[in-house]
Number of protein chains: 2
Amino acid sequence: MTPVTRDVETRVLDAAKLCTAKWGIAKVTIDDIAGEAGVSRATLYRMFPGGKDVMFDALRVRELEDFFTRVGTHVDGHDDLESLLIRIVGVATRELRDDQHLSLMLASEPGDTLSQLTVEGLPRIMRVATVFLVPMVDHYLPRRESVQLVELLARLVISYFLAPSEHVDFADADSAREFLRTFVLPAFHASLTRS
Amino acid sequence: MTPVTRDVETRVLDAAKLCTAKWGIAKVTIDDIAGEAGVSRATLYRMFPGGKDVMFDALRVRELEDFFTRVGTHVDGHDDLESLLIRIVGVATRELRDDQHLSLMLASEPGDTLSQLTVEGLPRIMRVATVFLVPMVDHYLPRRESVQLVELLARLVISYFLAPSEHVDFADADSAREFLRTFVLPAFHASLTRS
DNA sequence: AGACACTAAGACGCTTTGCGTCTCAGTGTC
DNA sequence: GACACTGAGACGCAAAGCGTCTTAGTGTCT
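So, here's what we can say about the structure. (Residues numbered from 1 in each chain as written. Chains lettered and ligands numbered in written order. Predicted model: local features only at pLDDT ≥ 70, side-chain atom pairs only at ≥ 80, totals over all residues. Heavy atoms only, no water.)

### Considering the interface of chain A and chain B
Frequently, the measure chosen for interface size is the accessible area that the parts lose on association. Between chain A and chain B, the residue contacts involve 5 residues of the former and 5 residues of the latter. Its largest share of buried area at the contact with chain B, chain A owes to Lys-22, Trp-23 and Lys-27 of chain A, together 90% of the area lost on that side. Scanning the region where chain A abuts chain B turns up 2 salt bridges. In this structure, Asp-32 of chain A engages Lys-27 of chain B in a salt bridge whose closest nitrogen and oxygen atoms are separated by 2.8 Å. At the boundary of chain A and chain B, one finds 3 residue pairs in polar contact (both at pLDDT 80 or more). Residues of the side of chain A that touches chain B, tallied by class, amount to 2 nonpolar, 1 polar and 2 charged. (Contact = heavy atoms within 4.5 Å. Buried area = accessible area lost by both parts, 1.4 Å probe. Salt bridge = Lys/Arg side-chain N within 4 Å of Asp/Glu carboxyl O. Polar contact = N/O pair within 3.5 Å; in protein donor to acceptor, adjacent residues only side chain to side chain. Nonpolar A, V, L, I, M, F, W, Y, C, P; charged D, E, K, R; others polar.)

### Some remarks on the protein's contact with DNA strand C
Around DNA strand C, the structure places 17 residues, and the nearest of them are Ile-30, Tyr-45 and Lys-52 of chain A together with Thr-43 and Arg-46 of chain B. Close to the protein, within 4 Å, the atoms of DNA strand C are drawn from sugar and phosphate at a rate of 55%. Within the contact set of DNA strand C, a phosphate oxygen lies 3.4 Å away from a backbone nitrogen or oxygen of Gly-38 of chain B. Put simply, the parts of the chain that give the surface near DNA strand C at least two residues each are helix H3 (41–47) of chain A together with helix H3 (41–47) of chain B. For the surface near DNA strand C, the residue count by class is 6 nonpolar, 6 polar and 5 charged. (Near = heavy atom within 4 Å. Helix = DSSP H or I, 4+ residues; strand = E, 2+ residues; numbered from the N terminus.)

### Quick look at the pattern of salt bridges
Residue and element names in this part refer to chain A. If you walk through the whole model with that rule in mind, you get 32 salt bridges over all chains. The shortest N-O distance in the salt bridge between Glu-63 and Lys-17 comes to 3.0 Å. Taken together, the positions of Glu-63 in helix H4 (residues 52–73) and Lys-17 in helix H1 (residues 3–27) put the pair 46 residues apart, joining distant regions of the chain. With relative accessibility at 25%, the residue Lys-17 sits in the partly exposed group. One network of salt bridges, with partners in common, ties together Asp-14, Lys-17, Arg-62 and Glu-63. (Buried < 20%, exposed > 50% of the residue type's maximum accessible area, 1.4 Å probe, protein only.)

### Overview of the environment of Ser-175 of chain A
All names here are of chain A. One can find Ser-175 in helix H10 (residues 173–188). Relative accessible area serves as the criterion here: at 15%, Ser-175 is assigned to the buried category. Sequence separation between Ser-175 and Ile-86 is 89 residues, and the spatial gap between their C-alpha atoms is 9.2 Å. Beyond its immediate chain neighbours, meaning those up to four positions away, Ser-175 contacts His-167, Val-168 and Asp-169. Looking at Ser-175, its side chain comes within polar contact range of the main-chain nitrogen of Asp-169, at 2.9 Å.

In structure tokens, the structure reads:
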């Protein structure tokens, strides 16, 4: 894909995001998105062979990459695993809470949005989370355990975001520390390569 | 139609208004409206034989009646034609400007909305305006001239609302008075039955 | 209990819209 | 000229939407 086409793809995905926010997944059409992006439908299908579903998957991947990029930007410079994890769950939780597009989607299309955060979307979330977070975590743990830990954290952050708890708030460092010390870190203590 | 059914019709028209604001005329479906109103599609068709178009016409008539009722509420107690007309054009212009649903429709569906304020909608607007305003105007003018005057005013108010002028502002009493004295009242001076 | 009015749910047949694919003419770059 | 890319529009098919209708259920009245 040439640089020019990369720009067009960005424009199309931006348009897809905008139109989905406006119309929702159910009513948005390829025509809406093509028009908003300023490309023809044929161009859109050339770009995303397989059509609508493929394009939405690409948008979801891009959104995830943006999300984890933002998380990664805020979790540099930690000296130990615990601090790193506290920071990760905190930033991730705050990013989820601040995501207006996500809030809008959860309000207007709860079914599909929940599915993308749970059942259907989890494999993708795991793939992207692994790419972004494992390289940080594996300073402290072997690769295999790092992957497992990232998966566990992703699931917990999503769950506590979707159904907030009266007892745990990952956005609060003390609460997160207590939770991690109780439920997560002991399982990985024996695998620590560095503190 | 029974009182209970009148309530249901109101509910359906309210739903139609809400869903049209949300989806626009192009994408809104009978299913959306029926669901929002809490009735079945069959009930909706029974209520509005001829379907979607008939229902939207009914909504437009209701909106016009509401509009002119509000105008009428604010123009009582005038001793002469000029004052009455100044008040009418002023209130009407302000009501149009304050109408958020109309603003939303003009922004999101300019084509259809304009058409309903001009070409396609004008006969209906004239009918309703005549019903509401002519009884006020014909204190001062014979019936025939009253009807003609109301039509002229309606057209002028709409035009100046849709394409505001640098020289005339009907919401401003002095501006309206000057305009009416210059362009409207002389045409009806000879027909005055009362001052 | 029976008569009647009204309703929701769902089926039906038809029309319209949307989808994915494709062709062709036009444009820009080398 | 060769090539890559694009928009516009046509095509065939699927899906959604429309208007109509039937049936079973509910409520009210006598």
